[in-house]
Amino acid sequence: MTSYQSFMDRFLADLAIHSPGQALHHRHMELSMRYQIPDVDVRELLPQWAHQGYIQLEAWDGTRVRDWSEWPDLNSFFFNSTDAGHVRITLLATGREYVELVRKKGIGFMADI
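For the structure given in this document, a descriptive report is provided here. Keep in mind it's a predicted model, so treat the numbers as computed, not measured. (Residues numbered from 1 in each chain as written. Predicted model: local features only at pLDDT ≥ 70, side-chain atom pairs only at ≥ 80, totals over all residues. Heavy atoms only, no water.)

### What about the packing of helix α1 (residues 3-16) against helix α2 (residues 28-35)?
This is how the line gets drawn: In this description, a line fitted to the C-alpha atoms serves as the axis of each element, helices being fitted only across the stretch in contact, and the angle between N-to-C directions of two axes falls anywhere from 0 to 180 degrees. Only DSSP runs of H or I with at least four residues qualify as helices, and only runs of E with at least two residues qualify as strands; both kinds are numbered from the N terminus onward. Rotating anticlockwise by less than a right angle from the far helix to the near helix defines a left-handed crossing, while the corresponding clockwise rotation defines a right-handed one. We call two residues contacting when some pair of their heavy atoms lies within 4.5 Å. Following the grouping adopted for this structure description, the nonpolar residues are Ala, Val, Leu, Ile, Met, Phe, Trp, Tyr, Cys and Pro, the charged ones are Asp, Glu, Lys and Arg, and the polar ones are all others, Gly among them.
Orientation of α1 relative to α2, taken along the N-to-C sense of each, is 115°, at an axis distance of 11 Å. Considering the relative orientation of α1 and α2, their crossing is right-handed. On α2, the residues touching Phe 7, Arg 10, Phe 11 and Asp 14 of α1 are Leu 31, Arg 34 and Tyr 35. When its residues are assigned to classes, the contact of α1 with α2 shows four nonpolar, no polar and three charged.

Written out as structure tokens, the structure reads:
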């Protein structure tokens, strides 16, 4: 398993611990350090997972919460200083299903989650 697949499996499993529909606030640099993935890759992978329907990815713009796709570009989304630089991530049904399937396969650490 690659480090990127491990990041996806672990991150989505960590989100699944919380109530369905709960938006969690994260900073991309903290995710990079926690999951040992280069920050530039975190900023690339999160929108990919959002596009695939695993997560909802949003940020507060000072007026309202906007989806990542509504921002002019990814840099303005991730480096937005409003809300202390947090992005809001919610695990969607497709993401919860993915976590269930990975758990059923019993791959490594996921079997114990």
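### Some thoughts on the sheet that holds strand β3 (residues 65-67)
Inclusion rule: Here a strand pair is declared whenever DSSP counts at least two bridges between the two strands.
Taking strand neighbours across the sheet as the criterion, the four strands line up as β1-β4-β2-β3 in an open arrangement whose pairing is antiparallel. Two strands in the sheet have a free side with no partner beyond their single neighbour: β1 (24-26) and β3. Taken pair by pair, the neighbouring strands of this sheet meet at an average axis angle of 35°, ignoring direction. Sheet analysis places strand β2 (residues 55-60) next to β3, joined by three bridges and oriented antiparallel. Pairing of Trp 60 across the sheet is with Val 65, part of β3. Lying over the sheet, α1 contacts β1, β2 and β4 (87-91), oriented at roughly 80° with respect to β4.

### Structural notes on α1
To be explicit about the condition: One less than the number of residues in a helix, times 1.5 Å, gives the span that helix is expected to have. Relative accessibility under 20% of the residue-type maximum defines a buried residue, over 50% an exposed one, and the middle range a partly exposed one, all with a 1.4 Å probe and only protein chains included.
Taking 1.5 Å as the rise per residue, α1 with 14 residues should run 20 Å; its terminal C-alpha atoms sit 20 Å apart, in good agreement. Along α1, the residues classified as buried are Ser 6, Phe 7, Met 8, Asp 9, Phe 11, Leu 12, Ala 13 and Leu 15. Buried residues along α1 sit against β1, α2, α3 (39-51), β2, β4 and α5 (93-105).

### Observations concerning the side chain of His 26
Considering the arrangement of structural elements, one finds His 26 in strand β1. Owing to a relative accessible area of 11%, His 26 belongs among the buried residues under this scheme. Here His 26 is in contact with Phe 11, Leu 15, Leu 31, Arg 34, Gly 85, His 86, Val 87 and Ile 89, once residues within four sequence places are set aside.

### As for the pairing of β2
One ladder, built from four bridges, connects β2 with β4; its direction is antiparallel. Residue pairing across strands places Ile 55 opposite Leu 91, the latter belonging to β4.

### A look at the packing of aromatic side chains
Filter applied, for reference: In this scheme Phe, Tyr and Trp rings, the latter by its six-membered ring, pair at centre separations within 6.5 Å, and the angle between planes marks the pair as stacked below 30 degrees, edge-to-face above 60, and tilted otherwise. Both a distance and an angle decide whether a charge sits over a ring: NZ of Lys or CZ of Arg must be within 6 Å of the ring centre and within 35 degrees of the ring normal.
For the coordinates displayed, the defined rule picks out eight aromatic pairs. Relative to Phe 77, the ring of Trp 71 lies with its centre 5.8 Å away and its plane at 75°, an arrangement referred to as edge-to-face. The residue whose ring lies beneath Arg 66 is Trp 71, and the NZ or CZ to ring-centre distance is 4.1 Å.

### Considering the environment of Ala 16
If you trace the backbone, Ala 16 turns up in helix α1. Take Ala 16: its relative accessible area is 25%, and that puts it in the partly exposed class. Sequence-distant contacts of Ala 16, defined by excluding residues within four places in its chain, comprise Leu 91, Val 99 and Arg 103.

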